[in-house]
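Here's the letter readout for the chains.
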2 protein chains.
Amino acid sequence: MTIDVPIIEQLPELSNHDHGGCIAKAIRTAEQLCIDRGARLTPIRRKVLELLWESHRAVKAYDLLDRIKPLETSAKPATVYRALDFLIEQGLIHRVESLNAFIGCNCSDHQHELLLLICNRCQEVEERPALEVMEAVAKEIEQAGFHVHRKAIEIHGLCAQCAQLSTTGLSSQSDLI
Amino acid sequence: MTIDVPIIEQLPELSNHDHGGCIAKAIRTAEQLCIDRGARLTPIRRKVLELLWESHRAVKAYDLLDRIKPLETSAKPATVYRALDFLIEQGLIHRVESLNAFIGCNCSDHQHELLLLICNRCQEVEERPALEVMEAVAKEIEQAGFHVHRKAIEIHGLCAQCAQLSTTGLSSQSDLI
DNA sequence: AACATTATGTTATATTGTAACATTTATAAC
DNA sequence: GTTATAAATGTTACAATATAACATAATGTT
């Protein structure tokens, strides 16, 4: 006999901050930004953004779809991918290339060149502007005569808290990806 | 009436170097490395490696499969993915996360932390050790208390030669990805 | 030769993402 | 307000990417 608990419930929740504040702020920011740009944060787009902000984990498109279906019975893959496309265009979310997944973007100053720290244990993703990294990348690129359109800098490993757990012997075997 | 030419034939070939040398060297290196480690560079694995070295472009798994099928009629997706897994484990190729594709690795000294410059026009991928970038990343990560397993640093844009073509007005419209 | 290990064959299916066209909803022009 | 236009969504179908599970074959070890 097994107990059928969604995997997400089994993961450690390390965002021990007022996450409600994160969500509220993200939505408010998105609303204002869309107003300023004359872009339309429709109910579907808004819902996808909210779902992405329910945690600091990257979420897969079909997981979003499963969450939306009960609310919007007509939702299909295209529904979700279109909303994601819109949110990416507006810089409100990021695609995590190495996970085929998406996260809300909290770059306060709309600086969209950043480094993602992806924890293989708790699955949380931290965005860091990492200005010195960006400068070093810019230099390297200039040397190569390359002209940048887009950067994806994704680091996998263990976040500080999960690394702590590992050294204290509480780790599972699944953190060595 | 259309002429049915494989897309790869329509792309500019900018690797105007002795590419045969690249291939030969890569295979020789792989052979020696596998001997040293007691790993088996079987015909399938070797063929996949050779195909990845036919250009400096990232190649998709199913394109590899199409190329292998005529030679190994029993080849299936798993055939290719297993070979790719092996080659990645051995550090002989890279997965390009942002393309879901693969390239031969030429890090001479088996330094496998590197930056990929991916040209959106000619599709060529340049690996660069980018030591200063890696140092900056290491610092940033240390500040975050993060423990690295794996890095994916992928820059999309135009390589020097394609950028040149763009400014001289020979560009297509498809290079702004 | 017998056994264990590794690699490959094979079937089926899961996951991720797009194309194409129809319909609806919102915005702009009159 | 009605009409024209554009934007967004609905819908169907499918393409592209990837893995699981188990069977068979090849290789290495004793």
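Thresholds applied
Residues numbered from 1 in each chain as written. Chains lettered and ligands numbered in written order. Predicted model: local features only at pLDDT ≥ 70, side-chain atom pairs only at ≥ 80, totals over all residues. Heavy atoms only, no water. Near = heavy atom within 4 Å. Polar contact = N/O pair within 3.5 Å; in protein donor to acceptor, adjacent residues only side chain to side chain. Helix = DSSP H or I, 4+ residues; strand = E, 2+ residues; numbered from the N terminus. Nonpolar A, V, L, I, M, F, W, Y, C, P; charged D, E, K, R; others polar. Buried < 20%, exposed > 50% of the residue type's maximum accessible area, 1.4 Å probe, protein only. Least-squares fit on C-alpha atoms with pLDDT ≥ 70 in both. Phe/Tyr/Trp six-rings, centres within 6.5 Å; stacked < 30°, edge-to-face > 60°. Lys NZ or Arg CZ within 6 Å of the ring centre and 35° of its normal. Contact = heavy atoms within 4.5 Å. Buried area = accessible area lost by both parts, 1.4 Å probe. Salt bridge = Lys/Arg side-chain N within 4 Å of Asp/Glu carboxyl O. Pairing = 2+ DSSP bridges.

Digging into the protein's contact with DNA strand D
Near DNA strand D, the surroundings consist of 17 residues, among which Thr-42, Ser-74 and Arg-82 of chain A together with Lys-60 and Tyr-62 of chain B are the closest. Sugar and phosphate atoms constitute 54% of the interface atoms of DNA strand D, taking the interface as everything within 4 Å of the protein. Separating a phosphate oxygen of DNA strand D from a side-chain N or O atom of Lys-60 of chain B is a distance of 2.6 Å. Here a base nitrogen of DNA strand D sits 2.6 Å away from a polar atom, N or O, in the side chain of Tyr-62 of chain B. The set of elements that each furnish at least two residues to the surface near DNA strand D consists of helix H3 (43-52) and helix H5 (77-89) of chain A together with helix H5 (77-89) of chain B. Taken together, the residues of the surface near DNA strand D break down into 5 nonpolar, 4 polar and 8 charged.

Quick notes on the side chain of Arg-57 of chain B
All names here are of chain B. If you trace the backbone, Arg-57 turns up in the loop between helix H3 (43-52) and helix H4 (61-68). With relative accessibility at 5%, the residue Arg-57 sits in the buried group. From its side chain, Arg-57 meets the backbone oxygen of Cys-122 in a polar contact 2.8 Å long.

Examining the relation of the copies chain B and chain A
The transform that puts chain B on chain A rotates by 180° and translates by 0.0 Å along the axis, for an RMSD of 0.0 Å. Each copy turns onto its partner about a two-fold axis. Taking C-alpha positions as reference, the residue of chain B nearest the rotation axis is Ile-153 of chain B, located at 2.2 Å.

Focus: the packing of aromatic side chains
Residue and element names in this part refer to chain A. Counted by the stated rule, this structure contains 2 aromatic pairs over all chains. Summarising the aromatic geometry, the rings of Tyr-62 and Tyr-81 are spaced 6.3 Å apart at their centres and angled 65° between planes, so their arrangement reads as edge-to-face. Taken together, the positions of Tyr-62 in helix H4 (residues 61-68) and Tyr-81 in helix H5 put the pair 19 residues apart, joining distant regions of the chain. For Tyr-62, a relative accessible area of 46% puts it in the partly exposed group. If you follow Arg-45 out to its NZ or CZ, it ends over the ring of Phe-86, 3.8 Å from the centre.

Comments concerning the interface of chain B and chain A
Contacts between the two partners involve 40 residues from chain B, matched on the other side by 40 residues from chain A. Taking both sides of the interface into account, the surface hidden between chain B and chain A amounts to around 3,200 Å²; carbon and sulfur atoms contribute 62%. Interface area lost by chain B to chain A is led by Phe-146, His-149 and Arg-150 of chain B, which between them contribute 20%. Here chain B is connected to chain A by 2 salt bridges. The residue Arg-128 of chain A makes a salt bridge to Glu-140 of chain B at a minimum N-O spacing of 2.6 Å. The interface formed by chain B and chain A includes 14 residue pairs in polar contact (both at pLDDT 80 or more). Elements with a contribution of two residues or more to the side of chain B that touches chain A: strand S3 (115-119), strand S4 (125-128), helix H6 (131-144), strand S5 (147-158) and helix H7 (160-167) of chain B. Broken down by element, the residue count for the side of chain B that touches chain A peaks at 12 residues, all from S5 of chain B. For the side of chain B that touches chain A, the class distribution of residues is 21 nonpolar, 9 polar and 10 charged. Pairing geometry for strand S5 (residues 147-158) of chain A and S5 of chain B, over 11 bridges, is antiparallel.

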